[in-house]
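Geometric and topological summary
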Amino acid sequence: MTPAVAPTFDQWLKWAFEHPGETEWNDKWSHTSYSWESGRWLEQSPTVGLEFVSKLFENPLEHLCSYSDAQIDEGLYFIVNPSRSGHFYCLVEGDVDIALRKRCIRSLENLSRELFAPRCSDNVWIYTKPLNHICDMLWDIVVYCTNCTDWNSDRALWGVRNPEIDEEVLDTLSRILAMPSVACQQSALHGLGHLVNFAGLGSNVIQQYLDEHPDLRSDLREYALNALIGRVM
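The notes below deal with the structure included here. Each chain carries its own residue numbering, running from 1 in the direction its sequence is written. Restriction of local features to residues with pLDDT of at least 70 applies here, the model being predicted, together with a cutoff of 80 or more for giving and counting side-chain atom pairs; totals for whole chains, interfaces and linings are based on all residues. Heavy atoms from the whole structure form the basis of all side-chain values; hydrogens and water molecules are not counted.

Turning next to the nonpolar core. Among buried residues, the Ala, Val, Leu, Ile, Met, Phe, Trp, Tyr and Cys ones that are joined through side-chain atoms within 4.5 Å form a nonpolar core. Partly exposed describes any residue whose relative accessible area lies between the buried limit of under 20% and the exposed limit of over 50%, with all areas from a 1.4 Å probe on protein chains only and scaled to the type maximum. With 65 residues, the main nonpolar core has Phe17, Phe57, Ile79, Phe88 and Phe116 as its most contacted residues. Contact partners of phenylalanine 57, with chain neighbours within four places excluded, come to Leu76, Ile79, Val80, Phe88, Ser107, Leu108, Asn110 and Leu111. By the convention used here, residues are in contact when the closest approach between their heavy atoms is within 4.5 Å.

What follows is the structure, encoded as structure tokens:
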């Protein structure tokens, strides 16, 4: 049953981000202390969730200015991780307008430009800054969340992808990879590597990146070469 009064955007923002931000990344957001809020929120429609997420990511500095980077890291991880909330599973929810789902994916470009680029280190694989982890793992999670499963004729599970969503993911990752930010490039390569693996898309974008950056740092070049064949962790 949907509550008579749905949470507002500001209430949702406070629910997701107004917490200490001091837990280890792999223990974040069990929500054991927030069961009432959790239940209240999860009764809302998927459309409301993606509208709020898109609004936040399109203007992150305005909406997150009162939170520390550690709080932002936890809140973002909560929003995008399907084991913490169901927000990003809505990217493949057929009842949600495709235009809204694509808008949400595009909004990740602005999140990367405004938040990750200035606040993450040039090696997001080492979690020396609070936002490095979510910057590194963001697109890993997005590509995973946009991979539905179904049963094939042999009764074995197999991946089912939406071509429109995949193209939006590819276009957005291409723009992020072109940003003059090593952190954002690493994040994009991570997502592209999984997109190559899951959907067979992105290898041309990675190859162009390699061709245009002949003097890449050795570890970044090695990672890009692994992404080119879909072998990223």
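Back to the write-up after that little detour.
Any Lys or Arg side-chain nitrogen found within 4 Å of a carboxyl oxygen on Asp or Glu counts as a salt bridge. Scanning the entire structure with this criterion turns up nine salt bridges. The closest approach of N and O atoms between arginine 103 and glutamate 58, which form a salt bridge, is 2.8 Å. On the criterion of sequence distance, the pair formed by arginine 103 in helix 6 (residues 98-119) and glutamate 58 in helix 3 (residues 46-58) is long-range, its members being 45 residues apart. A relative accessible area of 34% means that glutamate 58 is categorised as partly exposed. Between glutamate 109 and arginine 175 there is a salt bridge whose closest N-O contact spans 2.6 Å. Here glutamate 109 is found in helix 6, whereas its partner arginine 175 is found in helix 8 (residues 163-177), with 66 residues between them in sequence. With a relative accessible area of 13%, glutamate 109 lands in the buried category. Salt bridges sharing common partners tie together Glu109, Arg113 and Arg175. Only DSSP runs of H or I covering at least 4 residues are called helices, and only runs of E covering at least 2 are called strands; the numbering of each starts at the N terminus.

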